[in-house]
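Observations on the model geometry
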Amino acid sequence: MLKRLAIATGWARRTRRSPALRIGIAIAAFAIGVGGRLALDAYLTGVPFITLFGAIVIAAFFAGFWPAMLTTVLGAIALEVLIMPSMALARSHDLDWLPMTFFLLTSLMISLIIESVFRAHDDRLAVAEELARLNAGLDDLVAERTAQLEQQVAERQIAEARLHQAEKLDAIGHLTGGIAHDFNNMLAIITGSLDLAKRRLGSQGDARIVSHIDNAANAADRAASLTHRLLAYARKQPLDPRRLDINALVGSVHALLERTLGEQVVVELQLDGDVWPCTVDQTQLETAIINLAVNARDAMPDGGKLMIETTNVTLDAAYAGQQEDLAPGDYVRIAISDTGLGMSPEVQARALDPFFTTKDVGKGTGLGLSQVYGFLKQSGGHLNLYSEQGKGTTVKLYLPRAPELSGEEEPGSQTAMRFTPPQNLTVLVVEDDDGVRAMARASLIELGFIVHDVDSPIEAVQLIENGLAIDLLFTDVVMPHMNGRQLADRLRESRPDLKVLYTTGYTRNAILHNGVIDSDVVLLVKPYSVDDLARKIIDALGPSIN
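Residues numbered from 1 in each chain as written. Predicted model: local features only at pLDDT ≥ 70, side-chain atom pairs only at ≥ 80, totals over all residues. Heavy atoms only, no water.

Looking at the overall build of the protein chain
Helix and strand counts for the protein chain come out as 16 helices and 14 strands. The buried share among the 546 residues of the protein chain stands at 40%. Considering only contacts within the protein chain whose residues lie at least 6 apart along the sequence, 74% involve residues at least 24 apart. Surface summary for the protein chain: the accessible area is close to 29600 Å², and the carbon and sulfur share equals 57%. (Helix = DSSP H or I, 4+ residues; strand = E, 2+ residues; numbered from the N terminus. Buried < 20%, exposed > 50% of the residue type's maximum accessible area, 1.4 Å probe, protein only. Contact = heavy atoms within 4.5 Å. Areas by Shrake-Rupley, 256 points an atom, 1.4 Å probe, with all protein chains shown as cover.)

Details of a nonpolar patch on the surface
Together, Ile 23, Ile 27 and Leu 70 make up an exposed nonpolar region whose accessible area comes to about 240 Å². Tracing the chain through its elements places Leu 70 in helix α4 (residues 65-82). Leu 70 sits in the partly exposed class, given a relative accessible area of 33%. (Patch = residues over 30% accessible without salt bridge, like charges linked within 9 Å, V, L, I, M, F, W, Y side chains within 5 Å. Salt bridge = Lys/Arg side-chain N within 4 Å of Asp/Glu carboxyl O.)

Remarks on helix α16 (residues 530-541)
The terminal C-alpha atoms of α16, which comprises twelve residues, lie 16 Å apart, in line with the 16 Å expected from a rise of 1.5 Å per residue. Along α16, the positions that sit buried rather than exposed are Val 530, Leu 533, Ala 534, Ile 537, Ile 538, Ala 540 and Leu 541. Projected down its long axis, α16 carries its buried residues within an arc of 165 degrees, all on one side. Downstream of α16 by one or two residues, Gly 542 has phi in the positive range, about 60 degrees. (Expected span 1.5 Å × (residues − 1). Arc of directions from axis to C-beta.)

Considering the nonpolar core
In terms of nonpolar packing, the biggest core is built from 36 residues, with Leu 285, Ile 289 and Ile 334 touching the most fellow members. Contributions of two or more residues to this core are made by α8 (246-261), β2 (265-271), β3 (278-280), α9 (282-298), β4 (304-315), β5 (329-338), α12 (368-378) and β7 (392-400). The residues touching Leu 285, leaving out its near neighbours within four places in the chain, are Ile 246, Leu 249, Val 280, Ile 334, Phe 375 and Leu 399. Listed in part, the 22 residues of the second largest apolar core include Leu 447, Leu 524, Tyr 528 and Ala 540. (Core = buried A, V, L, I, M, F, W, Y, C linked by side-chain atoms within 4.5 Å.)

Some details on the environment of Glu 459
Residue position: Glu 459 is located in helix α14 (residues 457-465). You can call Glu 459 partly exposed: its relative accessible area is 35%. Once the C-alpha coordinates of Glu 459 and Val 430 are considered, the two residues, 29 residues apart in sequence, prove to be 8.8 Å apart.

Quick word on the sheet that holds β5
Strands pair in a sheet through their backbones, by hydrogen bonds, and they do so in one of two ways: parallel or antiparallel. Taken together, the five strands give an open sheet; going across it, the order is β2-β4-β5-β7-β6, and neighbouring strands pair in mixed fashion. Pairing within the sheet leaves two strands with one partner each, and these edge strands are β2 and β6 (382-388). Ignoring which end each strand starts from, the neighbouring axes of this sheet average 15 degrees apart. Bridging between β5 and β7 involves eight bridges; their strand directions are antiparallel. Bridge pairing in β7 links Ala 335 to Lys 396. Along the sheet face, α8 touches β2, β4, β5 and β7 and points at about 175 degrees away from the line of β2. Contacts from α9 reach β2, β4, β5 and β7, with the element oriented near 30 degrees to β5. (Pairing = 2+ DSSP bridges. Axes fitted to C-alpha atoms, helices over the stretch in contact; angles between N-to-C directions.)

Examining the packing of helix α2 (residues 19-39) against helix α3 (residues 50-62)
For the pair α2 and α3, the least separation of the axes is 8 Å and the interaxial angle reads 165 degrees. By the criterion of interaxial angle, the relationship of α2 to α3 is roughly antiparallel. Relative to α3, the crossing made by α2 is right-handed. On α3, the residues that touch Ile 25, Ala 26, Ala 29, Phe 30, Gly 33, Val 34, Gly 36 and Arg 37 of α2 are Thr 51, Leu 52, Ala 55, Ala 59 and Phe 62. Residue composition of the contact of α2 with α3, grouped by class: nine nonpolar, three polar and one charged. (Parallel < 35°, antiparallel > 145°, perpendicular 65-115°, else oblique. Left-handed = near helix turned anticlockwise from the far one by under 90°. Nonpolar A, V, L, I, M, F, W, Y, C, P; charged D, E, K, R; others polar.)

A closer look at the pattern of salt bridges
Enumeration according to the criterion identifies twelve salt bridges in this entry. The partner of Glu 388 in a salt bridge is Lys 391, and the shortest N-O contact between them spans 3.3 Å. According to the relative accessible area criterion, Glu 388 is partly exposed, its value standing at 28%. In this structure Lys 391 comes out as exposed when scored by relative accessible area, which is 61%. Across the pair Asp 453 and Arg 441 runs a salt bridge whose closest N-O atoms are separated by 2.5 Å. Linking Asp 453 in strand β9 (residues 450-454) with Arg 441 in helix α13 (residues 434-446), this pair joins segments that are twelve residues apart in sequence. We classify Asp 453 as partly exposed; its relative accessible area is 29%.

Description of the packing of aromatic side chains
Enumeration over the complete set of coordinates arrives at one aromatic pair. Judged by centre distance (5.0 Å) and plane angle (75 degrees), the rings of Phe 65 and Trp 66 are edge-to-face. On the basis of relative accessibility, which here comes to 15%, the residue Phe 65 falls in the buried class. (Phe/Tyr/Trp six-rings, centres within 6.5 Å; stacked < 30°, edge-to-face > 60°.)

Structural notes on the sheet that holds strand β8 (residues 426-430)
Taken together, the five strands give an open sheet; going across it, the order is β9-β8-β10-β11-β14, and neighbouring strands pair in parallel fashion. Each edge of the open sheet is held by one strand with a lone partner, namely β9 and β14 (523-525). Going from strand to strand, the sheet's axes swing by 20 degrees on average, the running direction of each strand aside. Strand direction decides the pairing type here: β8 and strand β10 (residues 472-476), joined by four bridges, are parallel. When the bridges of β10 are listed, Val 429 appears paired with Phe 474. The strands touched by α14 within the sheet are β8 and β9, with β8 carrying the most contacts at an inclination of about 150 degrees.

A look at the packing of α14 against helix α15 (residues 484-491)
Their axes nearest at 10 Å, the elements α14 and α15 cross at an angle of 15 degrees. With respect to each other, α14 and α15 are oriented roughly parallel. The two elements α14 and α15 meet at a crossing, and its hand is right-handed. Across the interface between the two elements, Pro 457, Ala 460, Val 461, Ile 464 and Glu 465 from α14 touch Leu 487, Arg 490 and Leu 491 from α15.

Observations concerning the pairing of strand β11 (residues 499-504)
Looking down a regular strand, the side chains alternate between one sheet face and the other. Across the six residues of β11, five count as buried, placing the element largely inside the fold. As paired elements, β10 and β11 share five bridges and run parallel to each other. Bridged to Leu 472 within β11 is Lys 499. Direction of pairing for β11 relative to β14: parallel, over a ladder of three bridges.

As structure tokens, then:
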């Protein structure tokens, strides 16, 4: 029964959509009702409207309220004329209107009830259809929202992991940077003292003593190299950037790598001829490429191929936003790939950690890759590491493109000045570490300078204000109460032409902007030898030495 009702309701919903069909149903229902009444006239005496009720129900159900009213009105008029012609025009008593009135009211109630029931049923069907549609789409909505939440969770986890890694590296960097700074001061004393001792012995000294001094000096140099790596990882290594042709630099390193890596490793170059120039510290970049090449050789114990590629790339904001401290823009990419053993995901996750190494004890410091990472970050660049076990590793170095040269600027090379500085010039040494100050004083005296030394910037200012005439200020940068740059600025108020040579083993100070030496600064990095000191004094004094 319910199934048949549903079928009939479906037909009714379709017929109600057409006005013409609704009028046709009303007229057909009227004709059936009136025709049935006339056919059964002999049996329906006294009930003239009985057959019209069925017609009205059909019209109300299949056509609606107004077609049912049309059937009612047409049927009433027709039966008045055909069945009750004597009463059609006039009724002598009011009660004669009672059958007609009852018929009209009953028809109105039937039509209203059917219309209300149908509309309620239609509304229920519409709600059911909408609910079914929503239910059908609910699974898709849930799946879509779940995917969005999973993506957000994954992005948050990546961001948290990146933040955790950055915080860990920064904390280790602060620790290693501080240790390296103090260690550099001690190495400065050791290196300088050994250098002075060897100079005092001269060419006629005991060969055994000279050999011991050389061994100690070599050990000190290796220790200094280790501290420089620590500072590079901590992004506190002083950088001296120059405008470089990257292809030329890679080509010069290539010759060294072929001799260093051995015959089992084939080194191939794929260099973009239109690669942009970069402003970067040449020594640090060469060291970075060599470190990565040596790591690649160690990952290919049976030999293999090492590929070095250069190309121009532009990093958009979407990619840069996913990295740490990376600005969108133009970069030169140096890709170093090997066909070695590759890294597991666990090793890749720790590859940039300082002192982490997969090599045997005594065969690696674990600072090579972390040093490269620190150098690139300090230079405004980026490092990307990709590796698959059994297939090899690719390390991509991104270096910012150098700005265009102005018309007055011409790229050129600088050569180190390798001669003994002039003597009988006065130098004021300002150093808060007693051992380093004593070593600096002895080195300067050995070079023939007249030396005054103090342990604080305040004393230096007092000496100059009391009339001490000096040719060069040799000052540490990191000191209590007043740093080296502030001291130089203070003294230049009365001596604008004062020449200054700075020294430091730590770069978070006033003469470096983001680890890059200011253009007007001559810096000597601790530890240093007497020859290093002599060359830097020449750079600091400049034309005034002649």
